[in-house]
Amino acid sequence: MTAVHEAAVPVAATTPADLSVWPASTTEPRPGDPAVGGVPLAEIADRFGTPVYVLDEGEVRERCRAYLRAFPEAEVLYAAKAFLCRSMIRWMDEEGLGLDVCSAGELELAVTAGFPPERIVLHGNAKSPHDLETALRLGVGRIVIDGPTEIAPLAAALGPDGRQRVLVRVVPGIGAGAHDKIRTGTEDQKFGLSLSDGHAQHVIARILDQPQLQLTGLHCHLGSQITSVKPYVTAVRRMVGLMARLRDQHGITLPELDLGGGHGIAYRPGEPALDPAVLARRVRAELGAACAAAELPVPRLIIEPGRAIAGPAGVAVYHVLSVKRTGARTFVAVDGGMSDNPRPALYGVRYAPRLVGRPATEPLTPVTVVGRHCEAGDVLAEAELPSDVRPGDLLAVPVAGAYHLSMASAYNLVGRPPVVAVHAGRARLLVRRECLADLSSRDVGV
Ligand SMILES: Cc1ncc(COP(=O)(O)O)c(C=O)c1O
Ligand SMILES: N[C@@H](CCCC[NH3+])C(=O)O
């Protein structure tokens, strides 16, 4: 992240706010007082306290529908790691999506919330015995085998008469994703089986030797926050190439191809995003052509968007606690930080926070929005805010729905924020605020 050291820029604070990365339902009935899902954010802050995460149910549902419209022939799985709670699980079920989970915890929450287990796919590069036992006990639809060490325990847990549909995670050797830490399609990392060194083919041969494991297809996940269709097109070509080799070698025709997720979204106005309709068109065309050339039937596509469904539907709202002006810059400290949003510290991600709850009358000035944690790196954003920003103000950070709360921590025991759903003018608590009793409940004493 770059530090901003400039003087105030003469931008009229009364310029209408750019709402292009906000949920589509966002309105600003009174200047400076935006409403999401028909509920003013200042009202939510008053009622539920801050920090608070607001999730626009209509935006989540519309994003699911956009995927189903773009990929009518595919199975669309929501990647639960982006954000999960019981209401989200119910919305995914009602919208007809499946779920991608990567732990017994995500799986058990989904199934106990009523999600059909056969529409769930279990991932993980290091599945524990408990993960596998839970998956088999709950009847998960498919398990994605990530490495050879999973084969024997899975077959043993199934017993001689058990059957489990599985996919195999292949590393296609494609570098894509917004940051090194979230690129998973390249060689030399912890996930999956390399295509180029023949490891994938070798492990698939071992899976085919296990009668309990019913191999239905191949999986790859290139990385996250990818804004170009090109890597997906290349992946299709390489994965179909492997399918053709498996047909030649083993006489099998795999009916499924899972291309993972990773579809990029805009965090700040003007940033690019991956349009599901464009992605679908290009992937479909490439899949058709590659399968025709290899004389293979077109496999059923599976995709796993997480961020693109939950991210733009969320807005985080904070109170400003202090403002510190040094000669070089202005630090605006809020009542949350890296414990509810570790992404800027981890990946250098940039957000576009704005003042809410009162009209801005002063010119905008560059500020560094920081959190309340005991780390100099607890920076939430480099932003422009009205130069009179002061303690007691409310700041809202759009595009906060994915990988904030699901990666939140108990750092400094501040407690994780609540999640409030908004829809048609109503606000409803989905997840309550974490309190000290929650935080200390595992501490069994001296
Ligand atoms: C296997 C798999 N599928 C899907 C996703 C979802 O990614 P995103 O939220 O970027 O769409 C991830 C996370 O990157 C993943 O690891
Ligand atoms: N957690 C990351 C992306 C990795 C997604 C899971 N494989 C993010 O916040 O962008």
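Within an unreviewed UniProt entry, the label attached to the protein chain reads Diaminopimelate decarboxylase, and the organism entered is Streptomyces griseochromogenes. UniProt, in the comment section headed Catalytic activity (unreviewed entry), describes the protein chain in these words: "meso-2,6-diaminopimelate + H(+) = L-lysine + CO2".

Chemist: Tell me about the overall build of the protein chain, and please be specific about residues and values.
Modeler: Across its full length, the protein chain carries twelve helices and 21 strands. Here the C-alpha radius of gyration of the protein chain, 23 Å, is about what a compact globule of 446 residues would show, namely 22 Å. For the protein chain, the spread of C-alpha atoms along the principal axes amounts to about 70 × 55 × 40 Å. Within the protein chain, buried positions represent 56% of all 446 residues. Restricting to contacts in the protein chain with at least 6 residues of sequence separation, those with at least 24 account for 70%. Just so you have it, the protein chain exposes about 18,200 Å², and 53% of that area is on carbon and sulfur atoms. Put simply, the protein chain has 46 plus and 49 minus side-chain charges, and the middle of one group is 1 Å from the middle of the other.

Chemist: I'd like a rundown of unusual backbone geometry, residues and numbers included.
Modeler: In this chain, threonine 50 is followed by proline 51 through a cis amide linkage whose omega measures -10 degrees. Phi is positive for asparagine 412, which is not a glycine, with a value near 60 degrees. Among the secondary structure elements, asparagine 412 is positioned in the loop between β19 (394–398) and β20 (419–423).

Chemist: Kindly report on the UniProt feature "domain: Orn/DAP/Arg decarboxylase 2 N-terminal" (unreviewed entry) in the protein chain, identifying the contributing residues and their values.
Modeler: Those residues carrying the UniProt feature "domain: Orn/DAP/Arg decarboxylase 2 N-terminal" (unreviewed entry) are residues 58–310 in this numbering. Along residues 58–310, the helical share is 41% and the strand share 16%, with 11 Å between the first and last C-alpha atoms.

Chemist: How would you summarise the packing of aromatic side chains if you had to cite specific residues and measurements?
Modeler: The final tally for this structure, using the stated rule, is two aromatic pairs. With a centroid separation of 6.5 Å and 15 degrees between ring planes, the pair formed by tyrosine 67 and phenylalanine 71 is classed as stacked. Just above the ring of tryptophan 22 sits the side chain of arginine 354; from NZ or CZ to the centre is 6.0 Å.

Chemist: Hey, could you go over the site of ligand 1 for me, with residue numbers and the actual values?
Modeler: Around ligand 1 sit 16 residues in total, of which His221, Ser224, Glu304, Arg307 and Tyr403 are the nearest. Within the side chain of aspartate 100, one N or O atom sits 3.1 Å away from a nitrogen atom of ligand 1. Glutamate 304 places a polar side-chain atom, nitrogen or oxygen, 2.7 Å from a nitrogen atom of ligand 1. Contact with the protein chains removes 92% of the 390 Å² of surface that ligand 1 exposes when unbound.

Chemist: Report on the sheet that holds strand β1 (residues 27–30), specifying residues and quantitative values.
Modeler: The strand order β1-β2-β3 describes an open sheet built from three strands, whose pairing is antiparallel. For this open sheet the edge positions go to β1 and β3 (39–40), each flanked by a neighbour on one side alone. Relative to β3, strand β2 (residues 33–36) runs antiparallel, the two sharing two bridges. The residue bridging valine 36 from the neighbouring strand is valine 39, located in β3.

Chemist: An account of the nonpolar core is requested, with residue identities and associated values reported.
Modeler: Leu41, Phe71, Tyr78, Met88, Met92 and Leu218 are the most contacted members of the largest nonpolar core, which totals 134 residues. Examining the composition of this core, we find that nine residues originate from one element, helix α8 (residues 230–250), more than from any other.

Rules and cut-offs
- Residue positions within a chain follow its written sequence, with the count starting from 1.
- Written order decides the labels, with chains lettered from A and ligands numbered from 1.
- Confidence filtering applies because this is a predicted model: local features only for residues at pLDDT of at least 70, side-chain atom pairs given and counted only at 80 or more, and all residues used for totals across whole chains, interfaces and linings.
- Working from all heavy atoms in the structure, the side-chain values ignore hydrogens and water.
- UniProt positions are given in the numbering used here, feature names are shortened, and annotations may be inferred rather than shown by experiment.
- Labels follow the DSSP assignment, with helices taken as runs of H or I lasting at least four residues and strands as runs of E lasting at least two, numbered in each case from the N terminus.
- Radius of gyration means the value over C-alpha atoms here, while the globule rule gives 2.2 Å times the residue count to the 0.38 power.
- We call a residue buried when its accessible area falls under 20% of the maximum for its residue type, exposed when it is over 50%, and partly exposed in between, using a 1.4 Å probe and counting protein chains only.
- Should any heavy atoms of two residues lie within 4.5 Å, those residues are counted as being in contact.
- Areas reported as accessible are Shrake-Rupley estimates using a 1.4 Å probe. Residue values count occlusion only from the protein chains shown.
- A residue counts as positive if it is Lys or Arg and as negative if it is Asp or Glu; His and the chain ends are not included.
- Working definition for charges: the position is that of NZ of Lys, CZ of Arg, CG of Asp or CD of Glu.
- Stacked, edge-to-face and tilted are the three classes for Phe, Tyr and Trp ring pairs, Trp counted by its six-membered ring, which pair at centre distances within 6.5 Å; planes under 30 degrees apart are stacked, over 60 edge-to-face, the rest tilted.
- Only lysine NZ and arginine CZ atoms are considered, and such an atom sits over a ring when it is within 6 Å of the ring centre and within 35 degrees of the ring normal.
- A cutoff of 4 Å decides nearness: a residue is near a molecule or strand if any of its heavy atoms lies inside that distance of it.
- N or O atoms within 3.5 Å of each other form a polar contact, as long as, within protein, one can give a hydrogen and the other can take it, and as long as residues adjacent in sequence are counted only when both atoms are side-chain atoms.
- Think of it this way: DSSP has to see at least two bridges between two strands before they count as a pair.
- The criterion is simple. A nonpolar core is a set of buried Ala, Val, Leu, Ile, Met, Phe, Trp, Tyr and Cys residues joined through side-chain atoms within 4.5 Å.

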